[in-house]
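Chain by chain, the residues run as shown.
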Amino acid sequence: MCRQINREGLTVTLDYLGENVTSIEEARRSRDMYRRVLTELERHKIDANISLKLSQFGMDLSESQCRAGVRELAGLAAQLRNFVRVDMESSEYTEKTLDLVREIHALTHSCGAVIQAYLYRSENDVEDLCRRKIRVRLCKGAYLEPADVAFQAKADVDRNFVNLAERLLLRGYYPAIATHDEVMVDAVKELAARHKVGPDGFEFQMLFGIRRDLQKRLAQEGFRVRLYVPFGEAWYPYFMRRLAERPANALFLARNLFRQ
Ligand SMILES: Cc1cc2nc3c(=O)[nH]c(=O)nc-3n(C[C@H](O)[C@H](O)[C@H](O)COP(=O)(O)OP(=O)(O)OC[C@H]3O[C@@H](n4cnc5c(N)ncnc54)[C@H](O)[C@@H]3O)c2cc1C
């Protein structure tokens, strides 16, 4: 599948489904699977990187082992000239996640973060990550967060998304703009043109199978587009988040997840 996506002119980030593991053994299995993925991507010359979650690496069980596992993978990614994106989970993980990404980035540049536009803190985080030249994926945010940490209204989240996208385009290091929202996509295209950021200065990212028309159109216009492709057995939390975003997609998502 990755090869086919590459043939269509798009790149990939692979997500081995799994989060909130309940044993260190499970966390090790995730790490081992990602090791295999990185090695196979290199062997088959596929243009793809990986996305992982700290709760999948056992952050809730042993912070030190979780950090060691991600550090090890980032080291392997650096050797292979590849890249590890640490997905962002709910706000209880934000500080720990950014802290680990900062630590790994200081050792090797093969690791990047995700910033959620719905969090009030994100403007400060974006500025800090830009200063450190850490690659950022910007998304709106997929978890249910309370009003003391996150904007609740779509209009506020969208406004902050554009604000953060502009900061990333101006000062960021190869940012990724992750959205299927055409209004956001158009705003980012307009900002990039205004600030003279060429299409090789950033990439759009979308979930595999969602808004294929828009993915194709952006690629035809010369923009870089990366697809987030989940695989593996632990599909339930991923499926539920996508369902919450768009209930009409239930059948479509189920078909795609179970086909893999
Ligand atoms: C590559 C990628 C990586 C992500 N990584 C993270 C992460 O690490 N942490 C995190 O919290 N969140 C992550 N997300 C999820 C993100 O935060 C949003 O929850 C999700 O992308 C929906 O927001 P939206 O920007 O697409 O627009 P929304 O405001 O949700 O929707 C706007 C419009 O976009 C279209 N659209 C949106 N979703 C769908 C859909 N499922 N099917 C069809 N059309 C749709 C519709 O036209 C909709 O009206 C990621 C998203 C992407 C694309």
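Summary of the structure given here. Fair warning: this is a prediction, and the values are worked out from it, not measured in the lab.

1. Comments concerning the pairing of strand 1 (residues 11–16)
The two faces of the sheet receive side chains in turn, since in a regular strand these alternate between them.
Right, so step 1: With six of its six residues buried, strand 1 lies for the most part within the structure.
Right, so step 2: Of the two faces of strand 1, both are covered, the one formed by Thr11, Thr13 and Asp15 as well as the one formed by Val12, Leu14 and Tyr16.
Right, so step 3: With six bridges connecting them, strand 1 and strand 8 (residues 225–231) associate as parallel partners. Its bridge partner being in strand 8, tyrosine 16 is matched across the sheet by phenylalanine 231.
Right, so step 4: Of the pairings in the sheet, the one linking strand 1 to strand 2 (residues 48–52) comprises four bridges and is parallel in character. Along strand 2, the bridge assignment pairs leucine 14 with isoleucine 50.

2. Things to note about the pattern of salt bridges
Right, so step 1: Going through the model one piece at a time under the given rule, you end up with 33 salt bridges.
Right, so step 2: Aspartate 181 serves as the salt-bridge partner of lysine 140, at 2.7 Å between the closest nitrogen and oxygen. With lysine 140 in the loop between strand 5 (136–139) and helix 6 (154–171) and aspartate 181 in the loop between strand 6 (176–178) and helix 7 (182–194), this residue pair connects regions lying 41 residues apart in the sequence.
Right, so step 3: Here glutamate 203 makes a salt bridge to arginine 226, at a shortest N to O gap of 2.7 Å. Taken together, the residues glutamate 203 in strand 7 (residues 203–207) and arginine 226 in strand 8 connect sequence positions 23 residues apart.
Right, so step 4: Connected through shared salt-bridge partners, Glu95, Arg102, Arg121, Asp125, Asp128, Arg131 and Arg132 make up one network.

3. Describing the sheet that holds strand 1
Right, so step 1: A barrel is described by the order of its strands in space; here eight strands give the closed sequence 1-2-3-4-5-6-7-8, paired in parallel fashion. The mean angle between the axes of side-by-side strands here comes to 30°, regardless of whether they run parallel or antiparallel.
Right, so step 2: Here strand 3 (residues 84–86) runs beside strand 4 (residues 111–116); their pairing, made up of two bridges, is parallel. Paired with valine 84 across the strands is cysteine 111, a residue of strand 4.
Right, so step 3: Sitting on the sheet, helix 3 (residues 63–79) touches strand 2 and strand 3, and the angle it makes with strand 3 is about 150°.

4. Overview of the state of the cysteines
Right, so step 1: Summed over all chains, the structure comprises zero disulfides.
Right, so step 2: Cysteine 139 forms no disulfide, and the closest cysteine sulfur to it belongs to cysteine 130, at a distance of 15 Å.
Right, so step 3: Owing to a relative accessible area of 18%, cysteine 139 belongs among the buried residues under this scheme.

5. Here we look at the pairing of strand 5
Right, so step 1: Alternating residues of strand 5 divide into Val136 and Leu138 and Arg137 and Cys139, and every residue in both groups is buried.
Right, so step 2: Relative to strand 5, strand 4 is paired through four bridges, and the arrangement is parallel. Note that in strand 5 the partner of glutamine 116 across the bridge is cysteine 139.
Right, so step 3: Assessed by its sense of winding, the connection that carries the chain from strand 4 through helix 5 (residues 122–131) to strand 5 is right-handed.
Right, so step 4: Examined bridge by bridge, strand 5 and strand 6 share two bridges and lie parallel to one another. When the bridges of strand 6 are listed, leucine 138 appears paired with isoleucine 177.
Right, so step 5: The parallel pair strand 5 and strand 6 is bridged by helix 6, and the resulting crossover is right-handed.

6. Structural notes on the layout of surface pockets
Right, so step 1: Its boundaries defined by the atoms lining it, the second largest pocket holds a volume of some 340 Å³.
Right, so step 2: In terms of lining, the second largest pocket is formed by 21 residues, of which the most central are Asp47, Ala48, Arg81, Asn82 and Arg226.
Right, so step 3: Contributions of two or more residues to the lining of the second largest pocket are made by helix 2 (24–43), strand 2 and strand 8.
Right, so step 4: Top element by residues in the lining of the second largest pocket is helix 2. It accounts for three residues.

7. Describing unusual backbone geometry
Right, so step 1: You will see that lysine 133, though not glycine, has its phi angle at about 60°, which is positive.
Right, so step 2: Following the sequence through the fold, lysine 133 ends up in the loop between helix 5 and strand 5.
Right, so step 3: The class for lysine 133 is exposed, based on a relative accessible area of 52%.
Right, so step 4: In this model, arginine 211 sits at a positive phi of 55°, which is unusual for a non-glycine residue.
Right, so step 5: For arginine 211, the position within the fold is in the loop between strand 7 and helix 8 (212–220).
Right, so step 6: Under the relative-accessibility criterion, arginine 211 is labelled partly exposed at 27%.

Calculation rules
- Residues numbered from 1 in each chain as written.
- Predicted model: local features only at pLDDT ≥ 70, side-chain atom pairs only at ≥ 80, totals over all residues.
- Heavy atoms only, no water.
- Buried < 20%, exposed > 50% of the residue type's maximum accessible area, 1.4 Å probe, protein only.
- Helix = DSSP H or I, 4+ residues; strand = E, 2+ residues; numbered from the N terminus.
- Pairing = 2+ DSSP bridges.
- Salt bridge = Lys/Arg side-chain N within 4 Å of Asp/Glu carboxyl O.
- Axes fitted to C-alpha atoms, helices over the stretch in contact; angles between N-to-C directions.
- Contact = heavy atoms within 4.5 Å.
- Disulfide = S-S within 2.5 Å.
- Right-handed = clockwise from strand over helix to strand, strands pointing away.
- 1 Å grid on protein atoms, 1.4 Å probe; cavity = no way out; pocket = protein on both sides within 12 Å on 5 of 7 lines; lining within 4 Å.
- Points joined across faces, edges and corners; volume = space filled by probe spheres on them.

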